[in-house]
Amino acid sequence: MPKTIRPPYSNAVVPPISVSSAYYFRDTEEFRRYKAGELPGGRYGRYDNPSWLQTEAELAQLEGTEEALLFPSGMSAVSNTVAALCKQGDRILYTGCAYRNLRTFFNEQMSQYGVEAHAICQADIQKFNEEFQNQYDERCRIVFVEMPSNPHMYLVDLEYIKTVIDPQRTLLIVDSTFASPINCQPAKFGANLVIHSCTKYLGGHGDLLAGCVCGSAELMDQIRNYRNISGAVVDGFTAFLLSRSIATLNIRMEQLNKTGLEVARSLESHPVVRHVYYTGLASHPHASLASKYLSGHGGVVAFELDCDAEQAVGFVDRLKIPFMGTNFGSHQAMVEQCAEFTYYKLTAQERRDLNISNTLIRYTVGLEKTSDIISDIFNSLKLICSQSQERAPNVKTHSQNVTAAARQMAESRTFGHLS
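Throughout what follows, the structure given in this document is the object of discussion. (Residues numbered from 1 in each chain as written. Predicted model: local features only at pLDDT ≥ 70, side-chain atom pairs only at ≥ 80, totals over all residues. Heavy atoms only, no water.)

As for the sheet that holds strand E5 (residues 171–175)
Selection criterion: Two strands form a pair only when DSSP identifies at least two bridges running between them. Where helices and strands are cited, they refer to DSSP runs of H or I of at least four residues and of E of at least two residues respectively, numbered from the N terminus. For helices, the fitted line uses only the C-alpha atoms of the stretch in contact; every axis is such a line through C-alpha atoms, and the angle between N-to-C directions lies from 0 to 180 degrees.
Ordered in space as E1-E7-E6-E5-E4-E2-E3, the 7 strands form an open sheet in which the pairing is mixed. Only two strands of the sheet have a single neighbouring strand rather than two, namely strand E1 (67–71) and strand E3 (116–120). In this sheet, neighbouring strand axes are inclined to one another by 20° on average, regardless of whether the strands run parallel or antiparallel. Summarising the sheet, strand E4 (residues 140–146) and E5 pair through 5 bridges and their orientation is parallel.

Here's what the structure looks like:
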């Protein structure tokens, strides 16, 4: 059967999904014009895909950068970006309270290629700034910041980092997954590159895996050349799904920001909750930085319970609304006991170093009704309250009064602000 030339539609409201692995040219002269940059189009599916280009342009617009590149996952975006920009003998400084696989990549994978990585804990900002200034030297090629961090939502002062580093030698890369482009645009504060796991807020529906890096055209060219070799590309359908999600990102984040704040406030008032980590609260250790860098605080709330590890297990298991799982940013609520679920491979000392206690819970709100989420959480906390009272019967009445007052305060906030 002879080849068939099919003219594409160019007036579709929703861009068509491109699944082709190759692109044709009518003759050699047309290909020569393509090589000379006179004709647009693709050549091979590892280098070009119109579905990528559509979504990459939307991501760059969201972050306020010249260009963006798509990858099959957030870690793929990280690993390809760092590998493309580092060489043997370079050094990386990164925020130590970060995603565990990020730490593994820097400490174990990059060291095999002669790249040294050093973690600096950002829990205490003053100590972080002091150590950062002491550790920074001319070999430092990348400063990698996870901001906000997972799960404590720690921040750093990006503008301070820019005053220390040599812009001719060192790149500032910010993983802004926990913020989304709606709540923070790091490029406005001097970041050279911004990375996202698009699986989270950007994807928003729990049905895709993708990552991206956004930045200048010059840096994107270097990373794109590496991607062409590594083959770390997404398919056209994933790019389409992500573009679909970007269209509703603003309205989704508005609701997640609102629900996250209400849940955090309610938890902070509960007597069984020892501490809440949420940048929208004045009690967060980095609240002042949050007011500087964040316009919203997202749907992830981390909190420590004032109980033992098994009681925390029971709390998670009794919840009716969230799935027990490790994703966040979708329309479905999810929950995990961090030490039990994500950090179980670490030793007890390693968890302590990362401030991961046995009762630390990460709750990710979805698009459920806020009052239902709070009611479900409070109902699951009841048994811990009862168990505490049994161990200390002389404070039973006081504990009941405090719990009732906290519930009334939470419900007042919830129903007073949400429809």
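Points about the packing of helix H3 (residues 74–85) against helix H8 (residues 217–230)
Axis angle and axis distance: for two packed helices, these are the angle between their axes and the distance between the axes, and together they describe the pair. As a reminder, the rule being used: Orientation labels follow simple angle bins: below 35 degrees gives roughly parallel, above 145 gives roughly antiparallel, 65 to 115 gives roughly perpendicular, and whatever is left gives oblique. In this scheme, a crossing is called left-handed if the near helix is turned counterclockwise away from the far one by less than a right angle; it is called right-handed if the turn is clockwise. By definition in these notes, contact holds between two residues if any of their heavy atoms fall within 4.5 Å. Each residue gets one of three labels, nonpolar for Ala, Val, Leu, Ile, Met, Phe, Trp, Tyr, Cys and Pro, charged for Asp, Glu, Lys and Arg, and polar for the others, Gly among them.
At a closest axis distance of 9 Å, the pairing of H3 and H8 adopts a crossing angle of 110°. The angle between H3 and H8 places the two elements in the roughly perpendicular class. Here H3 runs over H8; the crossing is right-handed. Every residue of H8 that contacts H3 at Asn80, Thr81, Ala83, Ala84 and Leu85 is listed here: Leu219, Gln222, Ile223, Tyr226, Arg227 and Ser230. Taken together, the residues that form the contact of H3 with H8 break down as 6 nonpolar, 4 polar and 1 charged.

Looking at the nonpolar core
Our working rule: Residues enter a nonpolar core if they are buried and are Ala, Val, Leu, Ile, Met, Phe, Trp, Tyr or Cys, with the set joined through side-chain atoms within 4.5 Å. For every residue, the accessible area obtained with a 1.4 Å probe (protein chains only) is divided by the maximum for its type, and the residue is called buried under 20%, exposed over 50%, and partly exposed between those limits.
Of all hydrophobic cores here, the largest spans 54 residues; its most connected members are Leu59, Val276, Phe303, Leu305, Phe315, Tyr363 and Ile377. The residues contacting Val276, other than those within four sequence positions of it, are Ala264, Leu267, Glu268, Leu281, Ser283, Val301, Ala302 and Phe303.

Thoughts on the side chain of Arg141
Here is the rule: For the charge count, each Lys or Arg is scored as positive and each Asp or Glu as negative, with His and the chain ends excluded. Criterion for a salt bridge: a side-chain nitrogen of Lys or Arg within 4 Å of a carboxyl oxygen of Asp or Glu. N or O atoms within 3.5 Å of each other form a polar contact, as long as, within protein, one can give a hydrogen and the other can take it, and as long as residues adjacent in sequence are counted only when both atoms are side-chain atoms.
Along the chain, the position of Arg141 falls in strand E4. Here Arg141 occupies a buried position and makes no salt bridge, while the nearest side chain of opposite charge, Asp90, is found at 4.9 Å. At 3.0 Å, the side chain of Arg141 forms a polar contact with the backbone oxygen of Leu85. Not counting chain neighbours up to four residues away, the residues in contact with Arg141 comprise Leu85, Cys86, Asp90, Arg91, Arg169, Thr170 and Leu171.

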